[in-house]
Amino acid sequence: MTLNKHDELLLKDLKFQPIWLMIFYILLGLTSFIIGLNIEDALSKWLCGGGGFLIALGSEKLVSRRIRFAAQQLILRS
């Protein structure tokens, strides 16, 4: 199977996405979101927004990592 350069780079990127970092994004996002819900000032909106962004970022990276890993396994089998 022939891969183009873009696919090769995406699969190489798997090495640069440690799973602990993605989980850290999600945990940090949850923490800031919970703190933002529990305080009553202007900072709470920023904490909730930033927390939501980190949760979404970590989740997206986990999903894309799984997709890339599955693609890598298919390539290795063929």
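The structure displayed is predicted, hence computed values, not measured ones. (Residues numbered from 1 in each chain as written. Predicted model: local features only at pLDDT ≥ 70, side-chain atom pairs only at ≥ 80, totals over all residues. Heavy atoms only, no water.)

## Quick look at the overall build of the chain
In step 1: Looking only at helices and strands, one finds three helices and zero strands in the chain.
In step 2: Helices (α) and strands (β) of the chain occur, in sequence order from the N terminus, as α-α-α.
In step 3: Taking 2.2 N^0.38 as the reference for a compact globule, 78 residues should give roughly 12 Å; the C-alpha atoms of the chain span a radius of gyration of 17 Å, well beyond that estimate.
In step 4: Taken along the three principal axes of its C-alpha coordinates, the chain extends 55 × 20 × 15 Å.
In step 5: Pairs at least 24 apart in sequence give 71% of the contacts found in the chain among residues at least 6 apart.
In step 6: Accessible area of the chain: about 6,000 Å², with a carbon and sulfur share of 70%.
In step 7: Considering the chain, the positive charge centre built from 9 side chains and the negative charge centre built from 6 side chains are found 10 Å apart. (Helix = DSSP H or I, 4+ residues; strand = E, 2+ residues; numbered from the N terminus. Rg over C-alpha atoms; globule rule 2.2 N^0.38 Å. Contact = heavy atoms within 4.5 Å. Areas by Shrake-Rupley, 256 points an atom, 1.4 Å probe, with all protein chains shown as cover. Lys, Arg positive; Asp, Glu negative; His and termini not counted. Charge placed at Lys NZ, Arg CZ, Asp CG, Glu CD.)

## Brief notes about the environment of Pro 18
In step 1: Turning to its location among the elements, Pro 18 is positioned in the loop between α1 (5-12) and α2 (19-38).
In step 2: The spatial distance from the C-alpha of Pro 18 to the C-alpha of Ser 44 is 30 Å, given a sequence separation of 26 residues.

## Observations concerning the side chain of Arg 68
In step 1: Within the secondary structure, Arg 68 is located in helix α3 (residues 42-77).
In step 2: Non-local contacts of Arg 68, meaning those with residues more than four positions away in its chain, are made with Leu 10, Leu 11, Asp 13, Leu 14 and Gln 17.

## Some words on the confidence of the model for the chain
In step 1: Confidence along the chain averages 85 in pLDDT terms, with 96% of residues attaining 70 or more.
In step 2: Across the chain, the secondary-structure element scoring lowest on mean pLDDT is α1, at 74, and the one scoring highest is α2, at 92. (pLDDT = per-residue confidence, 0-100.)

## Comments concerning the side chain of Ser 44
In step 1: Considering the arrangement of structural elements, one finds Ser 44 in helix α3.
In step 2: Apart from residues lying up to four places away in sequence, Ser 44 is in contact with Gly 36 and Ile 39.

## Concerning a nonpolar patch on the surface
In step 1: On the surface, Ile 19, Trp 20, Ile 23, Phe 24, Leu 27, Leu 28, Leu 30, Phe 33, Ile 34 and Leu 37 cluster together into a nonpolar patch covering about 970 Å² of accessible area.
In step 2: Looking at where Phe 33 falls in the secondary structure, it is placed in helix α2.
In step 3: Residue class for Phe 33 comes out partly exposed when judged on its relative accessible area of 32%. (Patch = residues over 30% accessible without salt bridge, like charges linked within 9 Å, V, L, I, M, F, W, Y side chains within 5 Å. Salt bridge = Lys/Arg side-chain N within 4 Å of Asp/Glu carboxyl O. Buried < 20%, exposed > 50% of the residue type's maximum accessible area, 1.4 Å probe, protein only.)

## Overview of the environment of Lys 61
In step 1: As for its position among the elements, Lys 61 is in helix α3.
In step 2: Distance from Lys 61 to Met 22, taken between C-alpha atoms, is 6.6 Å for residues 39 residues apart in sequence.
In step 3: Beyond its immediate sequence surroundings of up to four residues, Lys 61 is in contact with Gln 17, Met 22 and Tyr 25.

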